[in-house]
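Letter by letter, the chains look like this.
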Amino acid sequence: MLVYIDGKFMAQAEAKISVFDHGLLYGDGVFEGIRSYRGRVFKLDEHLQRLYDSAKAIMLEIPLSIEEMQAAVLETLRRNNLYDAYIRLIVTRGVGDLGLDPDKCPVPTIIIITDKITLYPQHFYEEGLEIATVSTRRNYSEAISPRIKSLNYLNNILAKIEGKQAGVVEVLMLNAEGYVVECSGDNVFFIRNDVVVTPPTYVGILEGVTRNVVINLARELGLTVEERVFTRHDLYIADECFLTGTAAEVIPVVKIDRRVIGSGQPGTVTQKLIAEFRSATGVLGTPIYPDST
Ligand code: PXG
């Protein structure tokens, strides 16, 4: 697999960056995780916009225009002859000295890694997931805003470690006030009396691209969608619960903190949204190979 680094395509074994890169030294940088389905990159414009917004929020000026970045992503996929792929786009502050000062890093590092997608096991979708609340709170927005998709993912990793120790594949995170915010790498939704509810961005979440697609799909199905603050109590008494994310797509949750949610089976609205989402992935996408798609 060829990896794009600063405009050059490198063989995987040669794809290396400096130990003085502030992405490594301080987690000073931003990233995106994107997917392509059957030769189309899903919601590429939205992912690129979020990347540039995250960079702006940390005052990192990306030396490529959005159009140039889009061309670089598509070219990397073409060089690797990929159709169904996972794309990891990374922009770091670049090479500096051992101090914190970002002004010592004159040139940001741009990396595009593409690979074949590893799908979640089918039984997750058929049976639903069990998740658990962890004690690690989501970053306080005034410390590191969860809206920034930064290379500083220790908050999520610490939560993930807690989840693995508890034997669950995803974890529920609360903010400093105790409201439900999101999972370590997914957004959370619940359904009660046919109303779809998910936390608003201001409680301290990453504004997921999948989340926004699902909100629109639910509204197109005629469902009411509310973005509002809620607690674990609302999840415990919900009819249905599901998570959204680029890797997971839409995935049902049937148990939270060892409590059965709704019927204990993936809900009917959730199943409908899974089906709608899957059909959207085939059409909503930027073609990688314009002549053949
Ligand atoms: N919240 C957080 C904290 C995330 O990291 C999402 C929500 C979902 O956002 P999207 O835009 O993907 O719908 C994420 C996604 C992975 C992986 O491979 C996922 C993410 C980051 C790193 C790896 O599962 N983030």
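Everything below is about the structure printed above this text.
Since the model is a prediction, treat every value here as computed from it, not as a measurement. (Residues numbered from 1 in each chain as written. Predicted model: local features only at pLDDT ≥ 70, side-chain atom pairs only at ≥ 80, totals over all residues. Heavy atoms only, no water.)

Caption draft 1: Highlighting the overall build of the protein. When you go through the protein residue by residue, the secondary structure sums to 8 helices and 16 strands. Taking 19 Å as the expected radius of gyration for a compact globule of 293 residues, we find that the protein reaches 19 Å, a close match to that expectation. Oriented by its inertia axes, the alpha-carbon framework of the protein measures out at about 55 × 50 × 30 Å. Burial statistics for the protein: of 293 residues in total, 50% are counted as buried. (Helix = DSSP H or I, 4+ residues; strand = E, 2+ residues; numbered from the N terminus. Rg over C-alpha atoms; globule rule 2.2 N^0.38 Å. Buried < 20%, exposed > 50% of the residue type's maximum accessible area, 1.4 Å probe, protein only.)

Caption draft 2: Examining helix α2 (residues 44-57) more closely. When the terminal C-alpha atoms of α2 are compared, their 20 Å separation across 14 residues agrees well with the 20 Å that a helix rising 1.5 Å per residue should span. Within two residues after α2, Met59 carries a phi angle of roughly 55°, on the positive side. (Expected span 1.5 Å × (residues − 1).)

Caption draft 3: Main features of the packing of aromatic side chains. Within this structure, the stated rule accounts for 8 aromatic pairs. An angle of 25° between the planes, with centres 4.7 Å apart, marks the rings of Tyr83 and Tyr289 as stacked. Pair noted here: Tyr83 is in the loop between α3 (66-79) and β5 (85-92) and Tyr289 is in the segment after β16 (285-287), with a separation of 206 residues, a long-range link. When its relative accessible area of 13% is taken as the criterion, Tyr289 is described as buried. Members of the aromatic cluster, connected to one another through ring pairs, are Tyr37, Phe42 and Phe277. Taking NZ or CZ as reference, Arg259 lies 4.0 Å from the ring centre of Tyr236, over its face. Directly above the ring of Tyr125 sits Arg278, whose terminal nitrogen or CZ lies 4.8 Å from the centroid. (Phe/Tyr/Trp six-rings, centres within 6.5 Å; stacked < 30°, edge-to-face > 60°. Lys NZ or Arg CZ within 6 Å of the ring centre and 35° of its normal.)

Caption draft 4: Structural detail: the sheet that holds strand β3 (residues 29-37). The strand order across the open sheet formed by 7 strands is β2-β1-β6-β5-β3-β4-β16, and the pairing between neighbours is antiparallel. Each end of this open sheet is capped by a strand with a single partner; those strands are β2 (8-11) and β16. On average, each strand axis in the sheet is tilted by 30° relative to the strand beside it, whichever way the strands run. Pairing geometry for strand β1 (residues 2-5) and strand β6 (residues 109-116), over 2 bridges, is antiparallel. Counted as the bridge partner of Ile5 is Ile111 from β6. (Pairing = 2+ DSSP bridges. Axes fitted to C-alpha atoms, helices over the stretch in contact; angles between N-to-C directions.)

Caption draft 5: Broad picture of the packing of helix α6 (residues 209-220) against helix α8 (residues 268-283). At a closest axis distance of 10 Å, the pairing of α6 and α8 adopts a crossing angle of 110°. With respect to their mutual orientation, α6 and α8 come out roughly perpendicular. Here α6 runs over α8; the crossing is right-handed. Between α6 and α8, the residues in contact are Thr210, Val213, Val214, Leu217 and Ala218 and Leu273, Glu276 and Phe277, respectively. Here the residues of the contact of α6 with α8 sort into 6 nonpolar, 1 polar and 1 charged. (Parallel < 35°, antiparallel > 145°, perpendicular 65-115°, else oblique. Left-handed = near helix turned anticlockwise from the far one by under 90°. Contact = heavy atoms within 4.5 Å. Nonpolar A, V, L, I, M, F, W, Y, C, P; charged D, E, K, R; others polar.)

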